[in-house]
Amino acid sequence: MAHLGSRRGRALALPVGLALTASLGFLPSGAASAAELSDAPAAAVATNGPKLSYVVNIAGGRWTAASVKKAIAAAGGEVVVSYDQIGVIVVHSQNPEFAKTIRTARGVVSAGSTRTAPLSVQTDNSVGGGTQELSEAEAKAAAARATDEQDALEPLQWDLPAIKADKAHQRTLGSKRVTVGVIDTGVDDTHPDLAPNFDAKASANCVSGKPDTTAGSWRPNPGESDHGTHVAGTIAAAKNGIGITGVAPGVKVSGIKVSTPDGFFYTEAVVCGFVWAAEHGVDITNNSYYTDPWMFACKNDEDQKALIEAVTRATRYAERKGTVNVAAAGNSKFDLAADEILDNSSPNDTTPGDRVIDPKECLDYPAMLPGVVTVSATGAKGLKSSYSNYGLGVIDIAAPGGDSTRFQTPDAPAVNGLILSTTVNGGYNYKAGTSMASPHAAGVLALIKSTHPHASPAALKAMLYAQADKRSCTNPYDIDADGKIDAVCEGGKNKNGFYGAGLIDALDAVRR
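Residues numbered from 1 in each chain as written. Predicted model: local features only at pLDDT ≥ 70, side-chain atom pairs only at ≥ 80, totals over all residues. Heavy atoms only, no water.

## Quick word on the overall build of the protein chain
(1) Moving on: Summing up its helical and strand segments, the protein chain has 11 helices and 18 strands in all.
(2) Moving on: Carbon and sulfur atoms make up 52% of the accessible area of the protein chain, which amounts to about 17900 Å² in all. (Helix = DSSP H or I, 4+ residues; strand = E, 2+ residues; numbered from the N terminus. Areas by Shrake-Rupley, 256 points an atom, 1.4 Å probe, with all protein chains shown as cover.)

## Comments concerning the packing of helix 6 (residues 227-236) against helix 9 (residues 434-451)
(1) Moving on: Axis separation between helix 6 and helix 9 bottoms out at 8 Å; the angle between their running directions is 35 degrees. Helix 6 and helix 9 meet at a crossing whose hand is right-handed. From helix 6, H227, H230, V231, T234 and I235 reach across to helix 9, where they touch S435, M436, P439, H440, A442 and G443.
(2) Moving on: Of the residues assigned to the contact of helix 6 with helix 9, the class counts are five nonpolar, six polar and no charged. (Axes fitted to C-alpha atoms, helices over the stretch in contact; angles between N-to-C directions. Left-handed = near helix turned anticlockwise from the far one by under 90°. Contact = heavy atoms within 4.5 Å. Nonpolar A, V, L, I, M, F, W, Y, C, P; charged D, E, K, R; others polar.)

## Structural notes on the sheet that holds strand 2 (residues 77-83)
(1) Moving on: Ordered by their spatial adjacency, four strands build an open sheet running 2-3-1-4, and the pairing between neighbours is antiparallel. The open sheet has two free edges, formed respectively by strand 2 and strand 4 (108-113), since each of these has just one partner strand. For this sheet the average axis-to-axis angle between neighbouring strands, irrespective of direction, equals 20 degrees.
(2) Moving on: Inspection of the sheet shows strand 1 (residues 52-58) paired to strand 3 (residues 88-93) by six bridges, in the antiparallel sense. Its bridge partner being in strand 3, V55 is matched across the sheet by V90.
(3) Moving on: On the sheet, helix 1 (residues 62-74) packs against strand 1, strand 2, strand 3 and strand 4 and is oriented at approximately 155 degrees with respect to strand 2.
(4) Moving on: Against the sheet, helix 7 (residues 267-279) contacts strand 1, strand 2 and strand 3, and its axis sits at roughly 25 degrees relative to strand 2. (Pairing = 2+ DSSP bridges.)

## A word on helix 8 (residues 302-320)
For the α-helix, the turn length of 3.6 residues means that residues three or four positions removed from each other point alike.
(1) Moving on: Counted at 1.5 Å a residue, the expected span for helix 8 with its 19 residues is 27 Å, and the 27 Å between its end C-alpha atoms agrees.
(2) Moving on: Buried within helix 8 we find Q304, A306, L307, I308, A310, V311, T312, R313, A314, T315, Y317 and A318.
(3) Moving on: Where helix 8 begins, one side-chain oxygen reaches toward the backbone nitrogen of D303, 3.0 Å away; that side chain belongs to D301.
(4) Moving on: A positive backbone phi angle near 105 degrees is found at G322, which sits one or two residues after helix 8. (Expected span 1.5 Å × (residues − 1). Buried < 20%, exposed > 50% of the residue type's maximum accessible area, 1.4 Å probe, protein only. Polar contact = N/O pair within 3.5 Å; in protein donor to acceptor, adjacent residues only side chain to side chain.)

## A word on the pairing of strand 13 (residues 353-357)
(1) Moving on: Pairing of strand 12 (residues 341-346) with strand 13, which is carried by four bridges, proceeds in the antiparallel orientation. If you follow S346 over to strand 13, its bridge partner there is G353.
(2) Moving on: Between the antiparallel neighbours strand 12 and strand 13 lie six residues.

## Notes on the sheet that holds strand 5 (residues 132-133)
(1) Moving on: The three strands are arranged 5-18-17 in an open sheet whose pairing can be described as antiparallel. Looking along the sheet, the strands with just one partner apiece sit at the ends: strand 5 and strand 17 (419-422).
(2) Moving on: Pairing of strand 5 with strand 18 (residues 428-431) involves two bridges; the strand directions are antiparallel. Looking at the pairing, E133 lines up with N429 of strand 18.
(3) Moving on: Where helix 6 meets the sheet, it contacts strand 17 and strand 18, and its direction lies at approximately 105 degrees from that of strand 17.

## Some remarks on the state of the cysteines
(1) Moving on: Counting across every chain of the model gives three disulfides.
(2) Moving on: The disulfide that involves C473 links it to C489, with 2.1 Å between the sulfurs. Residues C473 and C489 are joined by a disulfide whose S-S torsion is about -65 degrees; by sign, that bridge is left-handed. With C473 in the loop between helix 10 (457-467) and helix 11 (506-509) and C489 in the loop between helix 10 and helix 11, the pair connects residues that are 16 residues apart, well separated along the chain.
(3) Moving on: Given the relative accessible area of 6%, C489 is considered buried.
(4) Moving on: Here the cysteine-cysteine linkages of the protein chain are recorded as 1-2, 3-4, 5-6, numbering only bonded cysteines and doing so in sequence order. (Disulfide = S-S within 2.5 Å.)

## What to know about the side chain of D188
(1) Moving on: Relative to the elements of secondary structure, D188 occurs in the loop between strand 6 (179-184) and strand 7 (204-205).
(2) Moving on: One buried charged side chain, D188, makes no salt bridge at all; its nearest oppositely charged neighbour is R219, positioned 4.9 Å away.
(3) Moving on: In this structure, D188 is in contact with L194, R219, P220, T229, V424 and N425, ignoring residues within four places of it in sequence. (Lys, Arg positive; Asp, Glu negative; His and termini not counted. Salt bridge = Lys/Arg side-chain N within 4 Å of Asp/Glu carboxyl O.)

## Thoughts on the pattern of salt bridges
(1) Moving on: Scanning all chains against the criterion turns up 17 salt bridges.
(2) Moving on: Across the pair E224 and K257 runs a salt bridge whose closest N-O atoms are separated by 2.7 Å. Residue E224 is located in the loop between strand 7 and helix 6, and its partner K257 is located in strand 8 (residues 252-257); the two are separated by 33 residues in the primary sequence.
(3) Moving on: Relative accessible area serves as the criterion here: at 17%, E224 is assigned to the buried category.
(4) Moving on: Each member of the salt-bridge network shares a partner with another, and the members are K164, D469 and D505.

## Here we look at the packing of aromatic side chains
(1) Moving on: Enumeration according to the criterion identifies eight aromatic pairs in this entry.
(2) Moving on: Members of the aromatic cluster, joined through ring pairs, are Y390, Y477, F498 and Y499.
(3) Moving on: The ring of Y266 carries the charged tip of R115 above its face, separated from the ring centre by 3.8 Å.
(4) Moving on: The ring of F498 has K384 lying over it, and the distance from NZ or CZ to the ring centre is 5.5 Å. (Phe/Tyr/Trp six-rings, centres within 6.5 Å; stacked < 30°, edge-to-face > 60°. Lys NZ or Arg CZ within 6 Å of the ring centre and 35° of its normal.)

## Looking at the nonpolar core
(1) Moving on: Judged by nonpolar contacts, the single largest core of 71 residues is most densely connected at I284, V326 and V444.
(2) Moving on: Not counting residues up to four positions away in its chain, the partners in contact with V444 are I163, V247, L464, I504, D505, A506 and A509. (Core = buried A, V, L, I, M, F, W, Y, C linked by side-chain atoms within 4.5 Å.)

## Overview of the environment of D301
(1) Moving on: Its location among the elements puts D301 in the loop between strand 10 (297-298) and helix 8.
(2) Moving on: In this structure the side chain of D301 is engaged in a polar contact, spanning 3.0 Å, whose partner is the backbone nitrogen of D303.
(3) Moving on: For D301, the side chain forms a polar contact with the main-chain nitrogen of Q304, separated by 2.9 Å.

## As for the confidence of the model for the protein chain
(1) Moving on: Residues of the protein chain with pLDDT of at least 70 account for 89%, and the chain-wide mean is 90.
(2) Moving on: The model gives residues 1-43 a pLDDT under 50, and that stretch makes 222 contacts with residues more than four places away or in other chains.
(3) Moving on: This stretch, residues 121-129, has a pLDDT under 50; its non-local contacts, to residues over four places away or in other chains, come to 24 contacts. (pLDDT = per-residue confidence, 0-100.)

Okay, here's the thing in structure tokens:
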């Protein structure tokens, strides 16, 4: 869910008063098998517990999978879908001892429950606030200031010149052969700024852990979060004379919905999202969330270890298939390279409690997984955003995510320090968070891929980092000017905890 400060700490959207909302961000050998209901007779096992969802990670090939599926049935489990390509099986069970039992089965590497709340609990349809509406007066003033080369609201997008995207667009808007998959709360592809660039064939609903390709299933339902729609606009809103302009307005964007109606991003959905992207021509994925219910999942816990393993397999599979995965660093002001962090929001689907974690052993995933591009946020003055997580060796690169206007005020004609983008029902609004920074980086990667269509994921990431505008540490860092140091940046100009390799550069991305 969001990385900002809502009750779930997830959906990365920052209100005008800076009350940031929670952050909303597989192995080759064929497509995922269809949902398979285990037909082996179940033994006399307890089935009176709450119905939970599990991931079972296995070693070996399809023969092992077949054997494990029989053990799953015997332990009172029902297979929802089996991703044989990566050795991950999604299971439902009401046996309270299911995970403990299946871990003893031959061929099982790890297994764990993906949640602490039963599957039936989905009564809260809110996903937190943190959005500021675009006023009619602002829209009219922007349209009056727009040049012939700009879309109507582009004068309000301080984030585009901040990364030289306006100059990049004079050279190219990006290639229609490049697709960025938005793994998020869903994308409203009927929006006039998104419809021209939407790739329905690369879109799906993965909430159950099994892809649903029903037309429109990837859209947020009424009352659900517009987070994914906002992210999609930042990446690829069309340059069509109306609304806003995306970082890569000529590329395709797809919607891969992975959040429940009440805004939770569970492991089985995230695994499905990465596998789907890997097998449907998605070149870059954007992940502006952490995987619920643990803000940090710990390798020394049998359940949490299995969740990390499942998503790690999925991200590695996607990269082997040619996909670059980009993720938001989070909005809790944490130093992700610290010796310890107090996590008081987990598990966020039942009753959270205080726990001190070691971020070397307990990961915010997918952001902290190997190979994933981890993005911190900057504001309109180019400084680390007040809420953004940071950490030397963890942050790979920085991008505009917005900040409170009173902390970092943009230059005119822009009037708001947050990020303006698309929302549902054809509208536009402002949000802030590393959720908004990550899609800027995904958009620049899409421009690099457009310019270098045959580049591997490793090469694309290398170019992203090499082309970044180097930023020295901001020390002392007192973003609210109250006389107290708010964070300490470690590292040199070429690589540091606030900005990683530097601020993304869209212009360099389109230079051959």
